[in-house]
Amino acid sequence: MDALTQATAEAIVLRHWGLRAAAHALPSHSDHNFLLRCGDGSRYVLKIANASWAREELDLENQAMLALAEREPALGCPRVHPACDGAHLFALQIAGETRLVRLLDFVPGLTYAEAIGGLAAAPRAALHGSLGRAVGRLTRGLADFHHPAAAREHDWNLMRLPQALDELEQLADADLRARVRLHAEAFCAKLPAWRQSLPIQVLHNDANDGNVIVAIDAEVPRVGAIIDFGDTCTSFRVSDLAIACTYAMQYEDDAVSCAQRISAGYLAEQPLLRRELESLHAFILARLCQSILLAARAAREQPDNDFAFISQDGMRRLLRMLSRVEARTLVEPFLESSHD
């Protein structure tokens, strides 16, 4: 097959899905994605993976989305569309390489990053609660989901934070380096005990401000979907809540209230143990440290990769602020009603 052009994408979906559609290339960090518009108004995304992706990892993503479509249909995650032969993931030879191909629904809306800035206080607070509920459904929907690839060693799994500590010396700002060292090393020291005491399951692991989609057809702002399952892995259950809080808190002057609203929404869908709630502050700090350290690694290994530095100013500001907040503050309203 020829190089990856719009015409190539159109030929692929016609042959394998029987869809006549106009294709438009979408931006992507490493893959080739095409928005497909059909004559009946339906829209899809054709995803042609980078040749480095392993089949089992993409199968993990698809199987997680298929499970959520069945268990949590209101969540609005992208739906996986099998080809005419029933396959939801298959290989094609494209421009001399073997590329894995799949077709997903297009999810309309704005990213959280695009939506949050223009909101007044009341709809902003409503969106925080909606984000928590969506992430709670996400955790709940994957609660007993299993896949062999979920056990992979993924850099963005908080269980692997110790492997990022070598990047500390890449941080030129001495104050930042000291803060990251303090919180990252404290988190790593607790990992063995937490592995024994905190629930562990398959997680989406990346409900960031670019992967949370806000519905544009709602009177009250709400999360319509969570996309991009590329970081799916097995980790601590509380991590998904911590990650959602981490990215949303960057946009707020009162970051503590933001985290409390997200947590309230989450707990309405997915109860947590008291010890999970008590660890939330540490998990948010750990995600901040992880982001800063992995950005430092990217700066060393891929200095031209601007994508790696998205959110770094916000991450550093939030780390400094949250370092001054008492650990129980974020979850104090919920501790007495925790579900041990």
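Residues numbered from 1 in each chain as written. Predicted model: local features only at pLDDT ≥ 70, side-chain atom pairs only at ≥ 80, totals over all residues. Heavy atoms only, no water.

### Some words on the overall build of the chain
For step 1, the next point in the chain: Assigned secondary structure in the chain consists of 9 helices and 10 strands.
For step 2, the next point in the chain: In terms of C-alpha radius of gyration, the chain reaches 20 Å, essentially the compact-globule figure of 20 Å for 340 residues.
For step 3, the next point in the chain: With an accessible surface of roughly 15,000 Å², the chain has 49% of that area assigned to carbon and sulfur atoms. (Helix = DSSP H or I, 4+ residues; strand = E, 2+ residues; numbered from the N terminus. Rg over C-alpha atoms; globule rule 2.2 N^0.38 Å. Areas by Shrake-Rupley, 256 points an atom, 1.4 Å probe, with all protein chains shown as cover.)

### A closer look at the sheet that holds strand β9 (residues 223-226)
For step 1, the next point in the chain: Ordered by their spatial adjacency, 3 strands build an open sheet running β6-β8-β9, and the pairing between neighbours is antiparallel. A strand with exactly one partner marks an edge of an open sheet, and here the two such strands are β6 (110-111) and β9.
For step 2, the next point in the chain: The sheet contact formed by β6 and strand β8 (residues 212-214) spans 2 bridges and is antiparallel. Bridge pairing in β8 places L110 opposite V214. (Pairing = 2+ DSSP bridges.)

### Observations concerning the pairing of strand β2 (residues 32-38)
For step 1, the next point in the chain: Here β2 lies mainly inside the structure; 5 of its 7 residues are buried.
For step 2, the next point in the chain: Strand direction decides the pairing type here: strand β1 (residues 21-26) and β2, joined by 6 bridges, are antiparallel. If you follow H24 over to β2, its bridge partner there is L35.
For step 3, the next point in the chain: Where β1 hands over to β2, the hairpin turn is made up of 5 residues, counted between the paired strands.
For step 4, the next point in the chain: One ladder, built from 6 bridges, connects β2 with strand β3 (residues 43-48); its direction is antiparallel. (Buried < 20%, exposed > 50% of the residue type's maximum accessible area, 1.4 Å probe, protein only.)

### A few points about the packing of aromatic side chains
For step 1, the next point in the chain: This model, assessed by the stated rule, comprises 6 aromatic pairs.
For step 2, the next point in the chain: On the basis of an interplanar angle of 65° and a centroid distance of 6.1 Å, the ring pair of Y112 and Y251 is categorised as edge-to-face. Placement of the pair is Y112 in helix α3 (residues 112-116) and Y251 in the loop between α6 (239-249) and α7 (255-269), with a sequence separation of 139 residues.
For step 3, the next point in the chain: Residue Y112 is classed as buried on the basis of its relative accessible area of 2%. (Phe/Tyr/Trp six-rings, centres within 6.5 Å; stacked < 30°, edge-to-face > 60°.)

### Comments concerning the layout of surface pockets
For step 1, the next point in the chain: Here the second largest pocket defines a volume of roughly 220 Å³.
For step 2, the next point in the chain: At the level of elements, β8 and β9 are the ones that each hand at least two residues to the lining of the second largest pocket. (1 Å grid on protein atoms, 1.4 Å probe; cavity = no way out; pocket = protein on both sides within 12 Å on 5 of 7 lines; lining within 4 Å. Points joined across faces, edges and corners; volume = space filled by probe spheres on them.)

### Re the sheet that holds strand β5 (residues 97-105)
Sheets are built from strands paired through backbone hydrogen bonds, the pairs being either parallel or antiparallel.
For step 1, the next point in the chain: An order of β1-β2-β3-β5-β4 is seen for the 5 strands of this open sheet, with the pairing classed as antiparallel. Two strands close off the open sheet at either side, each with one partner strand: β1 and β4 (90-94). This sheet shows a mean twist of 35° between the axes of neighbouring strands, independent of strand direction.
For step 2, the next point in the chain: Of the strands in this sheet, β1, β2, β3, β4 and β5 are in contact with helix α1 (residues 6-17), which crosses β1 at around 130°. (Axes fitted to C-alpha atoms, helices over the stretch in contact; angles between N-to-C directions. Contact = heavy atoms within 4.5 Å.)

### Concerning α6
For step 1, the next point in the chain: Taking burial as the measure, the 11 residues of α6 include 11 buried ones, the bulk of the element.
For step 2, the next point in the chain: Those residues of α6 lying buried are S239, D240, L241, A242, I243, A244, C245, T246, Y247, A248 and M249.

### Examining the nonpolar core
For step 1, the next point in the chain: Ranked by internal contacts, the top residues of the largest apolar core, which has 82 residues, are L131, V180, M249, F283 and I284.
For step 2, the next point in the chain: Element by element, the count of residues in this core is highest for helix α8 (residues 274-301), at 12 residues.
For step 3, the next point in the chain: Those residues in contact with V180 that sit more than four places away from it in its chain are L168, L171, E185, C289, I292, L293 and L319.
For step 4, the next point in the chain: The next biggest cluster of nonpolar side chains, apart from the first, holds 20 residues, and it includes W17, A21, I48 and F90. (Core = buried A, V, L, I, M, F, W, Y, C linked by side-chain atoms within 4.5 Å.)

### With respect to the packing of helix α5 (residues 174-197) against α8
For step 1, the next point in the chain: At a minimum axis separation of 9 Å, α5 and α8 run at an interaxial angle of 135°. Our classification of the angle between α5 and α8 gives oblique. Two packed elements cross with a definite hand, and for α5 against α8 that hand is left-handed. Where α5 approaches α8, its residues L176, V180, H183, A184, F187, W194 and S197 are matched on the opposing element by R275, S279, A282, F283, L285, A286, C289, I292 and L293.
For step 2, the next point in the chain: Its residues assigned to classes, the contact of α5 with α8 comprises 12 nonpolar, 3 polar and 1 charged. (Parallel < 35°, antiparallel > 145°, perpendicular 65-115°, else oblique. Left-handed = near helix turned anticlockwise from the far one by under 90°. Nonpolar A, V, L, I, M, F, W, Y, C, P; charged D, E, K, R; others polar.)

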